[in-house]
Amino acid sequence: MNATPGGAVDRGALVLDRRLGQGGQGVVHRVANLRINRAAADGGWDVVYKEYAPALLPDLDAAALTAMVDLLGELSGDEGRWLCEKTAWPAAVVRREGEVSGFLMRAAPDRFRFDFRSLSGAGSGTRRLANLEFLLNDDAYTAGIGLTVGERDRLLLLADLAGTLDRLHRIGIGVGDLSPKNLLLATTSPPECFLIDCDAMRLRGASVLPQAETPDWQLPAGEEKATPAGDVHKLALLAVRLIARDQVTTDPTALTALSPDLGELARRSLDPAPARRPSPAEWAECLRAAAPTVPTAPAAPPADAASDGAASDGATAPQVRSKSFVAPVVFVVLVLVLLAVMIARSRGAGDHAEGPGTTRPPTPSPTSASPTRTPAPVTTTPTFDPRSLDSAQTDRTPLTASALLPVSFTDSKGVTYTRNSGSTGDCPDDSMKESLQAALRKAGCDKQVVGTYIDANARIAVAVWAIPLPDAQAADRGKQALAEFSITDWSLWCPTTGPGSQLCDRGTDIRSATQSGYRMNSHRYLLQSRALYINLTTDSSAEEWTNAAAYAAITEAGP
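Only a predicted model underlies this, so the values are computations on that prediction, with no experimental measurement involved.

Conventions used here
- Residues numbered from 1 in each chain as written.
- Predicted model: local features only at pLDDT ≥ 70, side-chain atom pairs only at ≥ 80, totals over all residues.
- Heavy atoms only, no water.
- Pairing = 2+ DSSP bridges.
- Helix = DSSP H or I, 4+ residues; strand = E, 2+ residues; numbered from the N terminus.
- Axes fitted to C-alpha atoms, helices over the stretch in contact; angles between N-to-C directions.
- Contact = heavy atoms within 4.5 Å.
- Core = buried A, V, L, I, M, F, W, Y, C linked by side-chain atoms within 4.5 Å.
- Buried < 20%, exposed > 50% of the residue type's maximum accessible area, 1.4 Å probe, protein only.
- 1 Å grid on protein atoms, 1.4 Å probe; cavity = no way out; pocket = protein on both sides within 12 Å on 5 of 7 lines; lining within 4 Å.
- Points joined across faces, edges and corners; volume = space filled by probe spheres on them.
- Nonpolar A, V, L, I, M, F, W, Y, C, P; charged D, E, K, R; others polar.

1. Describing the sheet that holds strand 18 (residues 515-522)
Here six strands make up an open sheet; going across it, the order is 14-15-16-17-19-18 and the pairing antiparallel. With one partner strand each, in any of the chains shown, strand 14 (408-410) and strand 18 form the two edges of the open sheet. Neighbouring strand axes in the sheet, compared pairwise and without regard to direction, differ in orientation by 20° on average. Each of strand 18 and strand 19 (525-533) is contacted by helix 12 (residues 472-481), which is oriented at about 155° to strand 18, the strand it contacts most.

Shown next, in the form of structure tokens:
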């Protein structure tokens with residue numbers, strides 16, 4: 001079998017390792033028997049496979065996905081190398097029984113991960129993708145989870161992103177859904193970004209799936225999506241919010257205080273008329289000029305900065321990285337040829353990946369750093385006091401699924417569950433039993449964060465609630481007051497698509513199914529979990545499995 005440009009990889013040739021994530025579009029798995037660019041000095045890159053949800057396949061443009069893969073063969077060696085270093089660009093189409101089922105891409109390099117520290121001390125030390133969402137929170141919170149990025153590095157990170165957008169646009173790529181959830185960061189020197197979910201981008205006007213946008217990161221109503229002007233609008237939103245430590249603001253005041261020129265750029269970029277917006281190249285130049293003029297240490301957040309934003313994943317510490325590329329003129333050919341060789345070998349000896357490779361980006365141009373460097377002053381990390389979590393007056397934890405619920409967890413049975421939906425909403429919700437709603441209101445419930453989880457085999461669904469109350473005493477009283485309520489008195493939350501979504505179909509009766517739930521309080525948070533089999537079995541022997549899932553879920557939840 002050959003993975004030639006425009007060709008495809010057979011799904012049966014892949015040896016899938018652990019599941020890395022699941023969302024509305026499908027599931028992402030690590031591939032155990034493949035590496036891309038294996039001839040590189042670092043041994044090449046890990047490969048991941050995104051398998052689309054069956055419900056999306058009728059709307060999928062296979063020709064657009066194939067064109068994305070073919071692009072690597074059309075670009076020059078230098079351009080192809082750069083694209084694969086800055087993005088998780090599709091490397092091969094995957095087919096099952098002749099039909100497109102997904103695609104292969106490189107895994108995010110390890111420097112775009114960090115060791116996450118839970119604010120409560122539980123579940124600390126897990127490696128997480130360094131999504132930019134973490135930096136949209138105040139400095140005490142980000143330092144508390146093990147991440148500190150100063151003002152200068154924030155500007156340099158934005159400059160790297162602006163330069164990346166400029167180059168993507170010149171190739172004919174519009175990012176479209178440009179939001180922190182699709183951007184990773186590395187706290188290297190200078191900082192750099194890495195773009196994921198590249199199949200959601202638009203290449204030369206064509207999209208694999210209909211263009212979508214992240215809530216609070218939309219373009220003005222009626223504007224065409226995934227255009228250079230649209231990407232600049234969202235770059236401005238990111239710049240404004242990254243400096244303000246705010247999830248939703250569109251006010252450039254904090255950015256203007258740092259640099260009047262940047263503030264003016266933001267105002268122009270947020271203009272409703274796309275034709276009046278500046279270019280990403282203008283952003284990159286202004287950001288690089290402003291960076292040396294600001295402090296390296298994190299600034300104190302503005303007095304009116306909101307703290308209820310989202311968080312997802314953080315950033316790695318600087319590390320030594322080795323050069324990893326063969327001669328640029330043969331780079332793209334090697335990617336494709338070696339991919340074919342590795343898949344062919346997987347049917348025989350089973351060549352397994354050793355671990356993530358780290359690679360070095362092209363040397364920045366002279367304008368990408370300040371002309372002279374002075375020794376950075378010694379900075380101190382804000383001290384986090386866990387007691388601040390006991391009161392709404394001092395707790396700065398964002399009210400989001402990413403901040404309060406784990407990305408995944410493994411129960412005592414060795415089953416791993418991955419979050420496939422998460423949202424923040426009003427509390428209580430109308431679908432709860434009325435007496436439970438009254439008890440929650442009395443406890444001081446106003447908002448709630450709910451997440452849903454599915455195991456790798458799509459057998460058990462788990463829902464977890466994190467409900468902030470005024471203080472730790474209220475959370476303790478709330479737990480006692482809710483002791484009389486059954487788990488079936490709580491509403492069942494489901495992902496909108498994929499495994500588990502059918503549990504919320506109209507007319508589905510789940511009350512008689514075997515299910516388990518736990519309740520506890522942590523600081524000022526009331527936590528509740530619920531687990532049941534998706535097939536709604538009533539077999540009592542299933543309870544040991546739902547018990548394990550519900551208990552692990554609640555012990556991993558909280559700040």
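Resuming the write-up.
2. Details of the environment of Pro-295
Assignment of secondary structure puts Pro-295 in the loop between helix 8 (280-290) and helix 9 (328-346). For the pair Pro-295 and Asp-153, spaced 142 residues apart in the sequence, the C-alpha separation amounts to 9.3 Å. Aside from chain neighbours lying at most four places away, what touches Pro-295 is Glu-151 and Arg-152.

3. Structural notes on the nonpolar core
Residues Leu-104 and Trp-283 are the most contacted members of the largest nonpolar core, which totals 94 residues. Considering each element in turn, this core owes the most residues, 10 residues, to helix 4 (residues 151-171). Discounting residues that sit within four places of it in the chain, Trp-283 has contacts with Ala-162, Val-232, Leu-235, Ala-236, Ala-239, Leu-255, Leu-262, Leu-265, Ala-266, Ser-269 and Pro-278. The next biggest cluster of nonpolar side chains, apart from the first, holds 24 residues, and it includes Leu-399, Val-462, Ala-550 and Ala-553.

4. Remarks on empty space enclosed by the protein
Enumeration according to the criterion identifies three cavities of 30 Å³ or more in this entry. Lining the second largest cavity are Ile-454, Ala-461, Val-462, Ala-463, Leu-492, Trp-493, Cys-494, Pro-495, Gly-500 and Leu-503. A per-element tally of the lining of the second largest cavity places strand 17 (residues 460-468) first, with three residues. Considered class by class, the residues forming the lining of the second largest cavity number nine nonpolar, one polar and no charged.

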